[in-house]
Amino acid sequence: MTLADERDDRAGEELARYLLDTGALAADWVGTFRAVPRSLFLPEPVWAYDMGTGRSEPVHRADADAWRGAAFADVPLVTQWDDGRHTGTAPGTVPTSSASMPSVVTAMLGELDVREGVRVLEIGTGTGWNAGLLTHRLGPGQVVSVEIDGAVAVRARAALTRAGLAGVLVHGDGQEGWAAGAPYDRVIVTAGVREVSPHWLAQTRPGGVVLAPFGTHYSDQDALVRLTRREDGSAGGPFVRMVEFMKLRAQRLDWGRFDGHVVDFPGGAEVSGTAVGMGELGGRYDAVRFVMGLCVPDCAHVVNRREDGVGVDGSGTAWFFDLGSRSWAAVDFRRGEADATVYQYGPRRLWDEVERALGWWKGLGGPGVERFGLTVAADGGARPWFGEPGRVLPRFA
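Right, let's walk through the structure included here. Counting starts from 1 at the beginning of each chain's written sequence and moves along it residue by residue. Since the coordinates come from a predicted model, pLDDT governs what is reported: local features require at least 70, and pairs of side-chain atoms require 80 or more to be given and counted, while whole-chain, interface and lining totals use all residues. Hydrogen atoms and water are omitted, and side-chain values are computed over all heavy atoms in the structure.

### As for the overall build of the protein chain
Here is the rule: Only DSSP runs of H or I reaching four residues or more are called helices, and only runs of E reaching two or more are called strands; each is numbered from the N terminus. Two things to know: the radius of gyration comes from C-alpha atoms, and the globule rule equals 2.2 Å times the number of residues to the power 0.38. The Shrake-Rupley method, run with a 1.4 Å probe, gives the accessible areas here. Residue values count only the displayed protein chains as cover. Counting rule applied: Lys, Arg positive; Asp, Glu negative; His and chain ends not counted. Think of each charge as sitting on NZ of Lys, CZ of Arg, CG of Asp or CD of Glu.
Scanning the protein chain for helices and strands turns up nine helices and 18 strands. Its C-alpha atoms give the protein chain a radius of gyration of 22 Å, within 12% of the compact-globule value 21 Å for 397 residues. Overall size of the protein chain, expressed as C-alpha extent along the three principal axes, is 70 × 50 × 40 Å. As presented, the protein chain carries roughly 17300 Å² of accessible surface, and 50% of it is formed by carbon and sulfur atoms. Taking the average place of the 41 positive charges on the side chains of the protein chain and the average place of its 51 negative ones, the gap between the two points comes to 3 Å.

This is the structure we're talking about:
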């Protein structure tokens, strides 16, 4: 064993202990986690993502210490930009494939609740690490992984082969699942989704589980939902925790669709005021943003902060766009002013809807995502609920 191998082993052990201590790694996954390190599946280079600053920095294998620091750290690593059109080592525009945070990967595997004999369909192969972990645990004949990007699939297949964990890896659209291998006991989705594909439900055995990061176009946020498939083809279950994934390609939001919404600001918009503060809309990982998306359907939301808008209580403009009409709203927050100015245009009064939904959520005591759940019909239609499946969320549209 070389000195580099010894250092890798120590780094792997430290990461495993950390994940065990935090509860992200279940005891029955420790052997597999140690045997199948993420470092075996990383391309060259990777971009280490800083959760605090939002910046991504390139890391190369030639810099052994930096590479080891990234590969065995609990941080996400971008492995592709701009659907493969990006070149060079500077970060691209949009990250489109990654090696997820080890704590997220292991927590999801724990929620998947696999055991001997279980067959798994994975949507989104990425680097192949997740497929490798599952294959080591269950055997190569038990795991099917689908990847939409041809180049990413080629790299993942090569990495799995090098690791001795080659199985069924399909280059195809994950939204379609892979009917040739159905039925499955578990479906795990490693991309953020805005709709649960009916193909996933149809290809899952009754009593089986579909585990997916689900959210709405209101924000980039996802929450992990654990759906149990029923005899009638529908499924339902609770949200488990907040996560954030790159979105399934077919379900990404094209912000260009709103270019014609605001032609001449404020134009004919209705003007009013609100005492709601900017901070009440929530930050990147706050549950309130996720819940607003469940309660205010077909609405996209973004905040443009001003230079003086440091922190959630700074100043800036919150924008809301209707996905189905030209309706929009803008709320202008200014530091030191008690009320914000509201502009609303079109048949939907989007800010009024958001304000009512916010009041409803506060009236419940501001519950986290784990108090909510989702019921999905066999055709993919989703209905969120609070507390129990029969308590359907109000929709403030």
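### Description of the pattern of salt bridges
Basically, it comes down to this: The term salt bridge refers to a side-chain nitrogen of Lys or Arg lying within 4 Å of a carboxyl oxygen of Asp or Glu.
Within this structure, the stated rule accounts for 19 salt bridges. In this structure, glutamate 244 and arginine 284 form a salt bridge, with 3.1 Å as the shortest nitrogen-oxygen distance. Note that glutamate 244 is positioned in the loop between strand S11 (235-243) and strand S12 (270-274) and arginine 284 in the loop between S12 and helix H8 (287-295), a separation of 40 residues in sequence. Several salt bridges share partner residues, and in doing so they unite Asp83, Arg85, Asp149, Arg249 and Arg252 into one network.

### Some points on the packing of aromatic side chains
The test is simple: Classification of ring pairs uses Phe, Tyr and Trp, with its six-membered ring standing for Trp, and accepts pairs whose centres are within 6.5 Å; under 30 degrees between planes counts as stacked, over 60 as edge-to-face, and the remaining range as tilted. Type-normalised accessible area, obtained with a 1.4 Å probe on protein chains alone, sets the label of each residue: buried when under 20%, exposed when over 50%, and partly exposed for intermediate values.
Scanning all chains against the criterion turns up 18 aromatic pairs. With 4.8 Å between their ring centres and 65 degrees between their planes, phenylalanine 265 and tyrosine 343 make a pair best called edge-to-face. With phenylalanine 265 in the loop between S11 and S12 and tyrosine 343 in strand S16 (residues 340-345), the pair connects residues that are 78 residues apart, well separated along the chain. The exposure class assigned to phenylalanine 265 is partly exposed, which follows from its relative accessible area of 40%.

### Points about the layout of surface pockets
Definition in use: Buriedness for pockets is judged along seven lines, at least five of which must meet protein on both sides within 12 Å for an open set on the 1 Å grid over protein atoms alone, while cavities are sets there where a 1.4 Å probe fits but cannot get out, and lining residues have an atom within 4 Å of a point. Grid points are joined across faces, edges and corners, and a volume is the space filled by probe spheres set on the points. When residues are grouped by polarity, Ala, Val, Leu, Ile, Met, Phe, Trp, Tyr, Cys and Pro land in nonpolar, Asp, Glu, Lys and Arg in charged, and all others, Gly among them, in polar.
When its volume is computed, the second largest pocket comes out at roughly 460 Å³. Its residues placed into classes, the lining of the second largest pocket shows 12 nonpolar, seven polar and four charged.

### Here's the deal with the nonpolar core
Inclusion rule: Residue types Ala, Val, Leu, Ile, Met, Phe, Trp, Tyr and Cys, when buried and joined through side-chain atoms within 4.5 Å, form a set referred to as a nonpolar core. Here a residue-residue contact requires only that any non-hydrogen atoms of the pair lie within 4.5 Å.
By size, the foremost hydrophobic cluster in this structure holds 55 residues, and its most contacted members are Phe239, Phe320 and Trp351. For this core, the element with the most residues is H8, which contributes seven residues. Contact partners of phenylalanine 320, with chain neighbours within four places excluded, come to Tyr218, Leu281, Cys299, Ala300, His301, Ser327, Trp328, Ala329, Val331, Leu350, Trp351 and Val354. Membership of the second largest hydrophobic core comes to 36 residues, among which are Leu15, Leu165, Leu224 and Phe245.

### Structural notes on the sheet that holds strand S13 (residues 299-305)
To keep things clear, this is the line we draw: DSSP bridges decide pairing: two strands pair if at least two such bridges lie between them. Axes, fitted as lines to C-alpha atoms, cover a helix only where it is in contact. Angles between the N-to-C directions of the axes lie from 0 to 180 degrees.
On the basis of which strands lie adjacent, the open sheet formed by five strands has the order S12-S16-S15-S14-S13 and antiparallel pairing. Lying at the two open borders of the sheet, with one neighbouring strand each, are S12 and S13. Taken over all neighbouring pairs, the strand axes of this sheet differ in orientation by 20 degrees on average, direction set aside. Direction of pairing for S13 relative to strand S14 (residues 316-322): antiparallel, over a ladder of seven bridges. Opposite asparagine 304, over in S14, you have threonine 317 as the bridge partner. Contacts between helix H9 (residues 350-363) and the sheet are confined to S12, S13, S14, strand S15 (328-333) and S16, with S14 contributing the most and set at about 105 degrees to the helix.

### Some points on empty space enclosed by the protein
A probe matching the size of a water molecule, rolled over the atoms, marks out where space remains unfilled. Tallying each qualifying case throughout the model produces two cavities of 30 Å³ or more. Put simply, the largest cavity is a space of about 500 Å³. Lining the largest cavity are 32 residues, and of these Gly124, Thr125, Gly126, Thr190 and Ala191 sit closest to its centre. For the lining of the largest cavity, the elements supplying multiple residues, two or more each, are strand S4 (95-99), helix H4 (102-112), strand S5 (120-123), helix H5 (129-138) and strand S6 (143-147). Tallying contributions element by element places S4 first for the lining of the largest cavity, with four residues. Per-class residue counts for the lining of the largest cavity are 13 nonpolar, 13 polar and six charged. Empty space within the second largest cavity amounts to approximately 50 Å³.

### Some thoughts on the pairing of strand S18 (residues 382-386)
Bridging between strand S17 (residues 372-376) and S18 involves five bridges; their strand directions are antiparallel. Its bridge partner being in S18, phenylalanine 372 is matched across the sheet by phenylalanine 386. Here S17 folds back onto S18, and the loop between the two strands holds five residues, one of which, glycine 380, carries a positive phi near 100 degrees.

### Thoughts on H8
Judged by how many residues are buried, H8 sits mostly within the fold: nine of nine residues are covered. Looking only at H8, the buried set comprises Ala287, Val288, Arg289, Phe290, Val291, Met292, Gly293, Leu294 and Cys295.

Coordinates in, geometry out; function isn't part of it.
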